[in-house]
Amino acid sequence: MATNYLAKRFGQAILTLVATIALSFVLYHAMPGSPTESLKNVILSQQAAAGGSTVNIERLNRLVALYTNVQPDQPLYVQFYQYFSSIILEQDLGTSIYENKPVTTLIFERIPWSMFISVYAMVVGYSLSVLIGAVMAFKEKSRFDSVSSVVLIGLNSVPYYIVGILLIYFFAIQMSWFPYGGRVSSSVTAGFNVPFMRSIVMHAVLPIFSMSMLGLGGALTMRGNSVRVLGEDYLRVAKLRGLRGSRIATQYVGRNAILPMYTQFMIGIAGVFSSAVIVEQIFSYPGVGLLMYNAIQTQDYPLLMGSLIIFTTVTVVAIFIADLTYGFIDPRISAGADNE
Amino acid sequence: MNDQESDDKVDLEELFDSSVEHEPTPMGERVRRTADLTLVAPARVALTDWRAVVGTLILFGFFLAGTAGVVLVDRPTSGDAPILAPPFQNLNYILGTDTFGQPIGAQLIHATPAMFKMIFAGAVVSIGVAALVGLLSGFMRGTVVDTVLMSVTDIVITIPGLPLVIVLMAIFAPKNPYVVGVLLGLDNWPGLARTVRSQVLSIRQESYVEASRIMGLSTGTILRRDLLGQLMPYITINSALASRRIIFESVGLYFLGILPFTTFNWGVLMNLAYKGGALNRPQMLHWLIFPMVTIFLMSFGLVLFSQGMDSVFNVRLRARHASTTSDNSAMDQGQGDGDV
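Residues numbered from 1 in each chain as written. Chains lettered and ligands numbered in written order. Predicted model: local features only at pLDDT ≥ 70, side-chain atom pairs only at ≥ 80, totals over all residues. Heavy atoms only, no water.

In the annotation of an unreviewed UniProt entry, the entry for chain B reads Binding-protein-dependent transporters inner membrane component, and the organism field reads Halogeometricum pallidum JCM 14848. Reading the Sequence similarities (unreviewed entry) entry of the UniProt record for chain B gives the comment "Belongs to the binding-protein-dependent transport system permease family." (UniProt positions renumbered as here; feature names shortened; annotations may be inferred.)

An unreviewed UniProt entry annotates chain A as Binding-protein-dependent transporters inner membrane component of Halogeometricum pallidum JCM 14848. For chain A, the Subcellular location (unreviewed entry) comment in UniProt is given as "Membrane".

So, in structure tokens, the structure goes:
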């Protein structure tokens, strides 16, 4: 049964990837003007800027094909087949028009940095929200509970990028505790040494903190769930059995209260990866998000589509991993029960 | 619990006396009862909940700014006032001015109508699609329709929303606020669709829905009569939350400069101030702060409103505040606060 569940989730992940690639293909064709017409314009203007010679249509089509893997002179289904197979079989996402480098090379240079801040933001945000929510539920109707409720509602109303700006203002500019941009200080030598690592961490703290705001909305849900679990009969039984408080809190309340938040966390993964685009721009943190932002400024469509596909791939993989672990937390799921 | 006797004694007597020509309830009485149940009672509940009151007041304020405010306050133009006037100095530009001499308060007000258009379009799209998909797939559980719809939902959940929206915006460069709203709403529906589906699945088990099915009522009728009413709380609360998300995303995209600067927008103000180095220059700080405060206020209003609605839709609370229903206070003692 468990393999059945995993196979289903795996199929879902593959389907999502295929859908995204198909979507990017459709988007190439949906650009204003005829298919890839706008791309030709971009290439033409690039060539004109470089003082290039006259360009004929065939050469232009070849260039478009080289950059995007879409061959404008072929029938549509051939185009799609070639586009699809070059991405899947050759891991070729096209070539950046602006940088004139393969898109995959550009993205893979950056992806570890984006993953670094996103994953930590997720871990920090979710653990904080679970922790705060649980404490609020245990101290229901206390002063802590009411104050943090208001604070959380307030935080829910502040977009994470505004949190980022405020963090820069107070902690980078006013206090100068943290640097306000970049991913590592230029004065330290790269390598496996303490100043370098320290610099990386210091640069990442503010972006991570502002992205983790996205996860904090879960605290109120966690509180509600915990309050409900605390009223259950099995909890009274557990107390009467004289179990340790810590065991009741983690194995009885915690586990049962976190389960319903699963879907919320799943959607949250996509949300946190998404937020990288805005946060990296604010902190000028050179990850995939900033790459994508620059691609928009320079109308570098291959790079833009490549970033979209990579963002989706990363999210799909992250959600698949979460799915694998979810089977351990909730045995009902791997037993094949569908009670959503 | 002797509410059977007090509950519309006249109706009961008439019901069992078949010789009497049944007098229909007078029109005025029926209108009064409906109004009491659908308007007065919810309003009474809302008045006891500070979150609903404050939230509604804030949203009403924004509504005024977007309608009357636009008429009363002149459209700001460059050179209206001295450049970078500090806030709270002059009554004509109470929030100060920017580097072009445009009053900031007037710009904030003139950005409101476009914001409402975006929110409206986005909320209609995301809630409409979510309700449709959730209802259909919940009602046709186990069929091909359900499988296909849920697969699509899972795919859209997984694709990171913001990068996708950014690619769409970069390609189509929409200027019309309605179009922006629709594009933002496109990735916003899957979470609610899943909630609606699971609600439908649980309501479907209820005996009265089963009775309707046995009576041979069409799916459409059952959906409309039995399910939609039950789902209204989710739909209203999620509309408010979807609106908040659309504000966050649209302002974020304007702030990054990805959307074309065609109208006044809070994000455009933030972009210009941030790019102008407002964080490092105290004399420019108000240019950045007031848009941020506005965004915070509006989403704070929406969050409070959605939480207040949560208590308004609580049937037991509403019954206690309705004058047409009998007062069975024994039933809802101690239940008013278990729903946070």
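That was the structure; now back to the text.
Check the secondary structure of chain B and you find 14 helices and zero strands. Start at the N end of chain B and walk to the C end: the helices and strands fall as α-α-α-α-α-α-α-α-α-α-α-α-α-α. The contacts in chain B between residues at least 6 apart in sequence include a share of 69% that link residues at least 24 apart. Working note: accessible area of chain B is about 16,600 Å², and carbon and sulfur atoms make up 62% of it. (Helix = DSSP H or I, 4+ residues; strand = E, 2+ residues; numbered from the N terminus. Contact = heavy atoms within 4.5 Å. Areas by Shrake-Rupley, 256 points an atom, 1.4 Å probe, with all protein chains shown as cover.)

What follows deals with the interface of chain B and chain A. Listed per partner, the contact involves 48 residues of chain B and 52 residues of chain A. Across the chain B-chain A interface, the total number found is nine residue pairs in polar contact (both at pLDDT 80 or more). Going through the elements one at a time, helix H6 (144–158), helix H7 (161–172), helix H9 (190–204), helix H11 (219–256), helix H12 (266–275) and helix H13 (285–312) of chain B are the ones with two or more residues in the side of chain B that touches chain A. When its residues are assigned to classes, the side of chain B that touches chain A shows 32 nonpolar, nine polar and seven charged. (Polar contact = N/O pair within 3.5 Å; in protein donor to acceptor, adjacent residues only side chain to side chain. Nonpolar A, V, L, I, M, F, W, Y, C, P; charged D, E, K, R; others polar.)

The next subject is the UniProt feature "domain: ABC transmembrane type-1" (unreviewed entry) in chain B. Per the UniProt record, "domain: ABC transmembrane type-1" (unreviewed entry) is found at residues 116–306 of chain B. Between the C-alpha atoms that bound residues 116–306 of chain B there is a distance of 17 Å. The span itself is 80% helix and 0% strand.

Our next topic: H13 of chain B. Between the first and last C-alpha of H13 of chain B there are 40 Å, a value that for 28 residues agrees with the 40 Å anticipated at 1.5 Å per step. A large share of H13 of chain B lies buried, amounting to 22 of its 28 residues. (Expected span 1.5 Å × (residues − 1). Buried < 20%, exposed > 50% of the residue type's maximum accessible area, 1.4 Å probe, protein only.)

Within the element layout of this structure, glutamine 12 of chain A appears in helix H1 (residues 2–30). Ignoring anything within four residues of it in the chain, the contact list for glutamine 12 of chain A reads Ser151, Asp154 and Ile155 of chain B.

Attention shifts here to the domain arrangement of chain A. Residues and elements named next belong to chain A. Here chain A is described as being made up of domain 1 (3–88) and domain 2 (113–331). On a C-alpha basis, the centres of domain 1 and domain 2 stand 34 Å from each other. Contact with domain 1, which involves 19 residues of that partner, is made by 14 residues of domain 2. Of the roughly 1,400 Å² buried at the junction of domain 1 and domain 2 (both faces included), carbon and sulfur atoms supply 80%. Contact with domain 2 buries surface across domain 1, with Tyr5, Leu17 and Thr20 losing the most and accounting together for 26% of the total. On inspection of domain 1 and its partner domain 2, the count reaches zero salt bridges. Residue contributions to the side of domain 1 that touches domain 2 peak at twelve residues, all from H1. (Domains from an automatic or database assignment. Buried area = accessible area lost by both parts, 1.4 Å probe. Salt bridge = Lys/Arg side-chain N within 4 Å of Asp/Glu carboxyl O.)

Both trends apply: most residues other than glycine have a negative phi, and most peptide bonds are in trans. Its identity as a non-glycine residue notwithstanding, serine 284 of chain A has a phi of 35°, on the positive side. Turning to its location among the elements, serine 284 of chain A is positioned in the loop between helix H12 (262–282) and helix H13 (288–297). Residue serine 284 of chain A is classed as partly exposed on the basis of its relative accessible area of 37%. Residue alanine 173 of chain B is not a glycine yet carries a positive backbone phi of 40°. With respect to the element layout, alanine 173 of chain B can be found in the loop between H7 and helix H8 (177–185).

Counting 141 residues, the largest nonpolar core has Tyr161 of chain A together with Trp266 and Met270 of chain B as its most contacted members. Counting residues per element, this core draws most heavily on helix H14 (residues 301–329) of chain A, at 13 residues. Residues in contact with tryptophan 266 of chain B, not counting those within four places in the same chain, are Phe62, Leu108, Ala111, Thr112, Met115, Ile247, Val251, Pro291, Thr294, Ile295 and Met298 of chain B. Grouped together as the second largest cluster of nonpolar side chains are 21 residues, Ala131, Met150, Ala193 and Ile235 of chain B included. (Core = buried A, V, L, I, M, F, W, Y, C linked by side-chain atoms within 4.5 Å.)

A few words now on the pattern of salt bridges. Residue and element names in this part refer to chain A. Summed over the entire model, instances satisfying the criterion amount to five salt bridges over all chains. Residue aspartate 145 pairs with arginine 223 through a salt bridge whose shortest N-O separation is 2.8 Å. Of this pair, aspartate 145 sits in helix H6 (residues 143–156) while arginine 223 sits in helix H9 (residues 218–230); the two residues are 78 residues apart in sequence, bridging distant segments of the chain. For aspartate 145, a relative accessible area of 4% gives the class buried. When its relative accessible area of 7% is taken as the criterion, arginine 223 is described as buried.

Turning next to the UniProt feature "transmembrane region" (unreviewed entry) in chain B. All names here are of chain B. This chain's UniProt record puts "transmembrane region" (unreviewed entry) on residues 52–73, 118–140, 152–173, 251–273 and 285–306. With 86% helix and 0% strand, residues 152–173 has end C-alpha atoms that lie 26 Å from one another. Along residues 251–273 the backbone is 61% helical and 0% strand, and the end-to-end C-alpha distance reaches 14 Å.

Here we take up the packing of H11 of chain B against H13 of chain B. Residue and element names in this part refer to chain B. The N-to-C vectors of H11 and H13 enclose an angle of 165°; their axes lie 8 Å apart at closest approach. Classified by the angle between their axes, H11 and H13 sit roughly antiparallel to one another. Here H11 runs over H13; the crossing is left-handed. From H11, Thr236, Ile237, Ala240, Leu241, Ser243, Arg244, Ile247, Phe248 and Val251 reach across to H13, where they touch Ile295, Met298, Ser299, Leu302, Val303, Phe305, Ser306, Met309 and Asp310. (Axes fitted to C-alpha atoms, helices over the stretch in contact; angles between N-to-C directions. Parallel < 35°, antiparallel > 145°, perpendicular 65-115°, else oblique. Left-handed = near helix turned anticlockwise from the far one by under 90°.)

Attention now moves to the packing of helix H7 (residues 160–174) of chain A against helix H8 (residues 194–212) of chain A. Residue and element names in this part refer to chain A. At a minimum axis separation of 8 Å, H7 and H8 run at an interaxial angle of 145°. H7 and H8 meet at a crossing whose hand is right-handed. Residue-level inspection shows Tyr160, Val163, Gly164, Leu167, Phe171 and Ala172 of H7 in contact with H8, the latter providing Leu206, Phe209 and Ser210. Residue classes in the contact of H7 with H8 are distributed as seven nonpolar, two polar and no charged.

Taken as a whole and judged by the stated rule, the model has 14 aromatic pairs over all chains. Each ring, one from tryptophan 113 of chain A and one from tyrosine 285 of chain A, has its centre 6.5 Å from the other, and the planes form 70°; the classification is edge-to-face. With tryptophan 113 of chain A in helix H5 (residues 103–138) and tyrosine 285 of chain A in the loop between H12 and H13, this pair connects stretches of sequence that are 172 residues apart. Taking relative accessible area as the criterion, tyrosine 285 of chain A reaches 1% and is therefore assigned buried. Measuring from centroid to centroid gives 6.1 Å for tyrosine 161 of chain A and phenylalanine 255 of chain B, while their planes differ by 20°, and the two rings are stacked. Residue tyrosine 161 of chain A is found in helix H7, and its partner phenylalanine 255 of chain B is found in helix H11; the two belong to separate chains. Ring pairs connect the aromatic residues Phe25, Phe80, Tyr83 and Phe84 of chain A, which therefore count as one cluster. (Phe/Tyr/Trp six-rings, centres within 6.5 Å; stacked < 30°, edge-to-face > 60°.)

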